[in-house]
Structure formats: C-alpha cells, structure tokens
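# Commentary on secondary and tertiary structure
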Amino acid sequence: MSVAKKEYKRITVKSLTEMKNRGEKISMLTAYDYTMAKIVDGAGIDVILVGDSASNVMAGHETTLPITLDQMIYHASSVIRAIDRALVVVDLPFGSYQSDPKEALRSAIRIMKESGGHAIKVEGGKEIKESVKRILHAGIPVMGHLGLTPQSIYKFGTYTVRAKEEAEAAKLKEDALMLEKAGCFAIVLEKVPAKLAQEVAESLTIPIIGIGAGGGVDGQVLVTHDMLGMTHEFNPRFLRRYLDMYTSMTDAFKQYATDVKSQDFPNESEQY
Ligand code: KIV
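Residues numbered from 1 in each chain as written. Predicted model: local features only at pLDDT ≥ 70, side-chain atom pairs only at ≥ 80, totals over all residues. Heavy atoms only, no water.

### Comments concerning the sheet that holds strand β4 (residues 119-121)
For clarity, the cut-off: Any two strands between which DSSP finds at least two bridges are classified as paired. Secondary structure elements follow DSSP: runs of H or I of four or more residues count as helices, runs of E of two or more count as strands, with numbering from the N terminus. Lines fitted to C-alpha atoms define the axes here, with helix axes fitted over just the stretch in contact, and angles between the N-to-C directions of these axes take values from 0 to 180 degrees.
One closed barrel holds the eight strands; their spatial order is β1-β2-β3-β4-β5-β6-β7-β8, and the pairing between them is parallel. Averaged over all pairs of adjacent strands, the angle between their axes in this sheet comes to 25 degrees, without regard to strand direction. Note: strand β6 (residues 186-190) against strand β7 (residues 208-211), four bridges, orientation parallel. Looking across to β7, one finds that Glu190 is bridged to Ile211.

### Details of the packing of helix α5 (residues 101-115) against helix α6 (residues 129-137)
The line we're drawing: Reported orientations rely on four angle classes, namely roughly parallel under 35 degrees, roughly antiparallel over 145, roughly perpendicular from 65 to 115, and oblique for the rest. Helix crossings fall into two classes, left-handed where the near helix is turned counterclockwise from the far one by less than a right angle and right-handed where it is turned clockwise. Throughout, a residue-residue contact means that at least one pair of heavy atoms, one from each residue, lies within 4.5 Å. When residue character is reported, Ala, Val, Leu, Ile, Met, Phe, Trp, Tyr, Cys and Pro are called nonpolar, Asp, Glu, Lys and Arg charged, and the others, Gly included, polar.
Packing of α5 against α6 brings their axes to within 8 Å, and their N-to-C directions diverge by 45 degrees. On the basis of their axis angle, the class for α5 and α6 is oblique. Viewed along their axes, α5 and α6 form a crossing whose handedness is right-handed. Across the interface between the two elements, Pro101, Lys102, Ala104, Leu105 and Ala108 from α5 touch Glu130, Ser131, Arg134 and Ile135 from α6. When its residues are assigned to classes, the contact of α5 with α6 shows five nonpolar, one polar and three charged.

### Section: the pattern of salt bridges
Here is the rule: A pair is scored as a salt bridge if a Lys or Arg side-chain nitrogen falls within 4 Å of a carboxyl oxygen belonging to Asp or Glu. Exposed residues in this analysis have more than 50% of their type's maximum accessible area, buried residues have under 20%, and partly exposed residues fall in between, with area computed by a 1.4 Å probe over protein chains only.
Applying the stated criterion across every chain yields a total of twelve salt bridges. Notably, a salt bridge pairs Glu199 with Lys173, separated by 2.8 Å at the nearest N-O pair. With Glu199 in helix α9 (residues 194-203) and Lys173 in helix α8 (residues 166-182), this pair connects stretches of sequence that are 26 residues apart. Its relative accessible area of 30% is what places Glu199 among the partly exposed residues.

### Some points on the pairing of strand β1 (residues 26-30)
Regular strands place side chains that alternate from one sheet face to the opposite one. With four of five residues buried, β1 is to be regarded as a mostly interior element. Relative to strand β8 (residues 219-222), β1 runs parallel, the two being bridged by four bridges. Considered in β8, the bridge of Met28 is made with Val221. Relative to strand β2 (residues 47-50), β1 runs parallel, the two sharing three bridges. Considered in β2, the bridge of Leu29 is made with Ile48.

### Focus on the site of the ligand
The condition is simple: A molecule or strand has a residue near it when one of that residue's heavy atoms lies within 4 Å. Pairs of N or O atoms are called polar contacts if they sit within 3.5 Å, as long as, within protein, a hydrogen donor faces a hydrogen acceptor (for residues adjacent in sequence, only side-chain-to-side-chain pairs). We get accessible surface area from the Shrake-Rupley algorithm with a probe of 1.4 Å; when it comes to residues, only the shown protein chains can shield them.
Taken together, the neighbourhood of the ligand is formed by Thr30, Leu49, Gly51, Asp52, Ser53, Asp91, Lys121, His145, Val188, Glu190, Ile211 and Val223. At 2.5 Å from an oxygen atom of the ligand is found a side-chain nitrogen or oxygen belonging to Ser53. In isolation the ligand has 260 Å² of accessible area, and contact with the protein removes 95% of it. Its residues assigned to classes, the shell around the ligand comprises four nonpolar, four polar and four charged.

### Re the pairing of strand β5 (residues 142-147)
Here is the rule: The handedness of a crossover follows from its direction of travel: if, with the strands pointing away from the viewer, the path from the first strand over the helix to the second runs clockwise, the crossover is right-handed.
For β5, a buried count of six out of six residues is recorded, marking the element as mostly surrounded by other parts of the structure. Alignment of β4 against β5, held across two bridges, turns out to be parallel. Counterpart to Lys121 in the pairing with β5 is Met143. Handedness of the β4-α6-β5 crossover: right-handed.

### Side note on helix α4 (residues 69-80)
Under the convention used in this document: By this rule, a helix spans an expected 1.5 Å times one less than how many residues it contains.
If you check α4, its first and last C-alpha atoms are 16 Å apart, about what twelve residues at 1.5 Å a residue would give, namely 16 Å. For α4, the complete set of buried residues consists of Leu69, Met72, Ile73, His75, Ala76, Ser77, Ser78 and Val79. In this structure, the buried side of α4 is in contact with α2 (34-42), β2, α3 (54-57), β3 (87-91) and α5.

By themselves, these figures tell us nothing about what the structure is for.
Set out below in structure tokens:
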C-alpha cells in the first residue's frame, strides 16, 4: 500500500500518532554521535534512538548493562546537536530506573535537562508501571520496550524470540495495554512473533515500532551500525544489511596504509 507522506518540519510524538492513523510507517534508527546523527537526520529518518546498544556498539561490552547515565547523556547531547527534524528518544540505562519511581524520574529529568533529548525509553511492563507514570506526570514523553528486553538478558538467558508461549504472549499484550493507558506515546516490540506483534499494533492506538517483529506493526527500528554492515558478527534473521561497510572500510584502511608506506600519499596536490 502506498501512503502519501506528510512533510513534517519537526517530528513530535504527535506526528507519530498521525502517521499511524494515516497508515504511514515510521522509520527509526539508532545514533550515538554527532556525525552519524547528522547523516541519519538528513536522510529523513523519523525517529533517532540513542539506544543503550551504545554499550555494545560504541564501547564493546557484551551486554547493554554496563553503560551509565552519564555516558548516555554524553551520547544523546552529541546526537541532539546534529538534529533538524527527527524526534530523539534516549534510553534510560540499566540501573537508572528499576529501583524506585523517584530515582526513575530523577534519571529521566537528567536526560532531558542535560542532553536536550525529546523523550526517553524504558524496558519492561507492569514491574515499572509506577516509574513510567511518575516520569509521564513530569511531562516527559515515554516510549515503552517489550518482548526481548536486553537489560534483562541474564533473566532470559538467551537472545531468542520472546513470547512464543501463550502465557508470555498474554502478559506482553497486558503490558502493552498498560503502557498505552499510562500514557506512553509508542512501544518498541523486539524479537516477537509477527502475528502477535500485528495483533498488538492493531489493538492499540499508539504506534508499535518493531525490531524482529514482522511487517504488521507501525514502524521499524534497526541498529544503524548493523544495517550498514559495519558489524559482522551479529546475524539475526531480522537484520537487513543495506551496505557492507565492514568490507569497504577495511579496504579503504588497507589502501591508506599501502599509500602511506609506498609514499604515494600525500602527493603534490595534497600538500602546501
Ligand atoms: O538500544 C537499542 O538500540 C534498542 C533497539 C534495539 C530498539 O533498544
């Protein structure tokens, strides 16, 4: 189905609901630094997620758990300086919101004040309901995240598809409804069966953004470094690689080393 795209000067949480109502799919990608965010924003991507996947992609940690609130604020403020149009959503990192609602609010306020981000994202359902409500009460837009929630990886034990069993699917639906009722403006659904994700998207009025959740949802998100093919160890079925930057970059670096060693670089026109 082709849907007429409305040109937004700036994407807001309201624009995302309008897109869902019009049947226009929402595009979302991650960015953690100024240069990448400038390119992603300039390409017209609707939402930029300063994901805690920075812990893996930027810092080389095995999980998203080690990244700190200060580090997320650093990444988010770099992204914000690059943005003209996209809505910038910033992950609250592990440990900054799970213990109690007051701490959750303090962390969300720090993100908004110190980075200039437009909204925050939190992982989980009814366990974090009071924190979500308190953050929303302060006027901070909240995006939920259900299904595979990487901050709970040690509870799950694996990164396999979530909510395949009836009981877990039922809990996911309840959690999604709870997040909508609490006032979240959107929910990320990660690595769940496409049929379940579509059911959730059809039953809620807020946009559902999928990653490994099929095509029946309201938008898609990928980790930019993965879709550009800069990372090559991570190969889930849902990942479409739009470039093979790992190979292109390796070739460029090798060529540079060759040119330096052979004294081909710099040449006459590359010096003063
Ligand atoms: O941190 C992240 O990049 C995310 C996406 C995978 C949705 O949460």
